[in-house]
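# Tertiary structure, described
Read off the chains here:
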There are 4 protein chains.
Amino acid sequence: MKSKKLENAEENTLKVSQDIRVRFNETDALGIVWHGYYLHYFEDGREAFGRKHGISYLDVKAHGYVTPIVKSSCEHKLPLRYGEIATIETTFINTPAAKMIFNYKIFNAEGDLVCLGETIQVFVDDNNDLSLTSPPFFKAWKDSNKLI
Amino acid sequence: MKSKKLENAEENTLKVSQDIRVRFNETDALGIVWHGYYLHYFEDGREAFGRKHGISYLDVKAHGYVTPIVKSSCEHKLPLRYGEIATIETTFINTPAAKMIFNYKIFNAEGDLVCLGETIQVFVDDNNDLSLTSPPFFKAWKDSNKLI
Amino acid sequence: MKSKKLENAEENTLKVSQDIRVRFNETDALGIVWHGYYLHYFEDGREAFGRKHGISYLDVKAHGYVTPIVKSSCEHKLPLRYGEIATIETTFINTPAAKMIFNYKIFNAEGDLVCLGETIQVFVDDNNDLSLTSPPFFKAWKDSNKLI
Amino acid sequence: MKSKKLENAEENTLKVSQDIRVRFNETDALGIVWHGYYLHYFEDGREAFGRKHGISYLDVKAHGYVTPIVKSSCEHKLPLRYGEIATIETTFINTPAAKMIFNYKIFNAEGDLVCLGETIQVFVDDNNDLSLTSPPFFKAWKDSNKLI
């Protein structure tokens, strides 16, 4: 039987990269992207991840759930300006809890870290009830992606 | 019998004024309010009008209708900057058609005209059908407000 | 001497198409893209046009000008929903005036017309003065693109 | 000499309350305020605090500084819907570091906690240099407000 440590070492890490082109309407009078728009970038990252790994908002909805955000956080290291193309890396953080946790890293074109962040989502079913354990479809999704 | 001209002169004009405080996140890298945010200001004006005259989105919804925007237009005369408090005047423009037309004028604190605009909304019922004639509640609302 | 009609027939029409993926945060409680977000889509179209034809906000800024929007309008024919990928066609409308006029058409994946619109921009130089005639760089740009 | 505990007990806590009327364009297809808009509400709270206590963005700018956000976080407890009027309490959290920390609590009309959050800002001067110690004007502001 494998030790917990070995099992973790074999666990798959799902990460998706996506380009972000800064829109003019995302800048503010400081000439940089207004800090609140990074949550829009996180959502772009989350949606790119979802499309690639079959766990998008629409996939989840087809199973009878929605996944509202219960927590978000963001650390800003460098600004982004209009004209820049950045890259967002969205990584799925596995947990036994009935949650979807994503970490985000945004890099500018020079490869410098611009922003770090995290969001946590929970599962709510068609009766508006919060799931206290992972819905079956989500367990199946984690298994098929070697997320222990 | 009254002439058309006299009738128009006796028709009521409904207009509501509302203050707008420019938010920092509404500015762009030109240091002024990004042009698209004026549609948010028009919505604020429309909502203030609706609350005052009992024809808000929630009042309309209670009658079984929603009123999606089918047309919007905007003319920008002067910029607005962070720190400014502007005033939006929202005027209901009466028409026999099954539409809600609002005109908007935004003035800065000095009373200069900053922006002119208009939106046109139609009525869609709970079956997602477009109303070709004014819904009864809307006719009643116009009568009670002396809009011929 | 060529007739006005022939001249127009030989004038180049510049048009750029760009995909738009509807973001979840662009929808509203009616389950469709909130009407004001179409101005964000127009900006995406304008920026795609600018990058392709060397007349982007950054190109214009390098020549010492900014191009604020003075007029915008929008007609909504059909809604867009989350999960849809639409196409925006941005066409440059030539005029002898010192303006940049763009027409927009947004189509859904089935090819149905979702939205029509237009924006008009003027030229403002580094001294904040409005240009009453086309700046030299803009005349040169029009010539090189066979826009009479 | 006073003990640390007594000193803290005498330290002033600055808190400002502000009403928030949920705008229709802030809702999403789940029928609730999209999570990212709470950062806009935090900014409203911060701006209300700034105007009341003379430490607004414009006051700070007059002293030669801007205060970009370096960190933000948000915990969502309950949703907000169109038509609701919420209250945001913005509390200044004192620290010896060269930072402005604000805590936020948003309550619905029934007094239930809807959202908790925090933002951290730093001081950047006109030469774009990050202040490693509190600028003099900020120390003066803290003194005058009995923030030790």
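Here's what I pulled together on the structure shown here.

### Examining the overall build of chain A
The secondary structure content of chain A amounts to 4 helices and 7 strands. Ordered by position in the sequence, the α and β elements of chain A form the string α-β-α-α-β-β-β-β-β-β-α. By principal-axis analysis of the C-alpha atoms, chain A measures approximately 55 × 40 × 20 Å. The 148 residues of chain A split such that 52% are buried. In chain A, 67% of the contacts between residues at least 6 apart in sequence involve partners at least 24 apart. When the accessible area of chain A is evaluated, it comes to approximately 7100 Å², of which 50% is carbon and sulfur surface. Both charge centroids of chain A, one from 18 positive and one from 20 negative side chains, sit 5 Å from each other.

### A look at the sheet that holds strand E6 (residues 113-122) of chain B
What the 10 strands build is an open sheet, ordered E1(B)-E4(B)-E5(B)-E6(B)-E3(B)-E3(C)-E6(C)-E5(C)-E4(C)-E1(C); its pairing is antiparallel. In the strand order of this sheet, the two ends are held by strand E1 (15-21) of chain B together with strand E1 (15-21) of chain C, each with one partner. Strand after strand, the sheet turns through a mean of 15° between neighbouring axes, direction not considered. Across 7 bridges, strand E4 (residues 85-93) of chain C lies against strand E5 (residues 99-107) of chain C in antiparallel orientation. Bridging from a neighbouring strand, C:Ile93 pairs with C:Ile101 of E5(C).

### Regarding the relation of the copies chain C and chain A
Overlay of chain C on chain A (RMSD 0.0 Å): rotation 180°, translation along the axis 0.0 Å. Interpreted geometrically, this transformation is the action of a two-fold axis. Looking at the interface residues of chain C, 100% of them are also at the interface in chain A, so both copies use one shared face.

### Notes on the packing of aromatic side chains
Throughout the structure, instances matching the rule amount to 73 aromatic pairs over all chains. Taken together, C:Phe42, C:Phe49, C:Tyr65, C:Phe92, C:Phe102, C:Tyr104, C:Phe123, C:Phe137, C:Phe138 and C:Trp141 form an aromatic cluster joined through their ring pairs.

What counts, and where the lines are drawn
- Residues numbered from 1 in each chain as written.
- Chains lettered and ligands numbered in written order.
- Predicted model: local features only at pLDDT ≥ 70, side-chain atom pairs only at ≥ 80, totals over all residues.
- Heavy atoms only, no water.
- Helix = DSSP H or I, 4+ residues; strand = E, 2+ residues; numbered from the N terminus.
- Buried < 20%, exposed > 50% of the residue type's maximum accessible area, 1.4 Å probe, protein only.
- Contact = heavy atoms within 4.5 Å.
- Areas by Shrake-Rupley, 256 points an atom, 1.4 Å probe, with all protein chains shown as cover.
- Lys, Arg positive; Asp, Glu negative; His and termini not counted.
- Charge placed at Lys NZ, Arg CZ, Asp CG, Glu CD.
- Pairing = 2+ DSSP bridges.
- Axes fitted to C-alpha atoms, helices over the stretch in contact; angles between N-to-C directions.
- Least-squares fit on C-alpha atoms with pLDDT ≥ 70 in both.
- Phe/Tyr/Trp six-rings, centres within 6.5 Å; stacked < 30°, edge-to-face > 60°.

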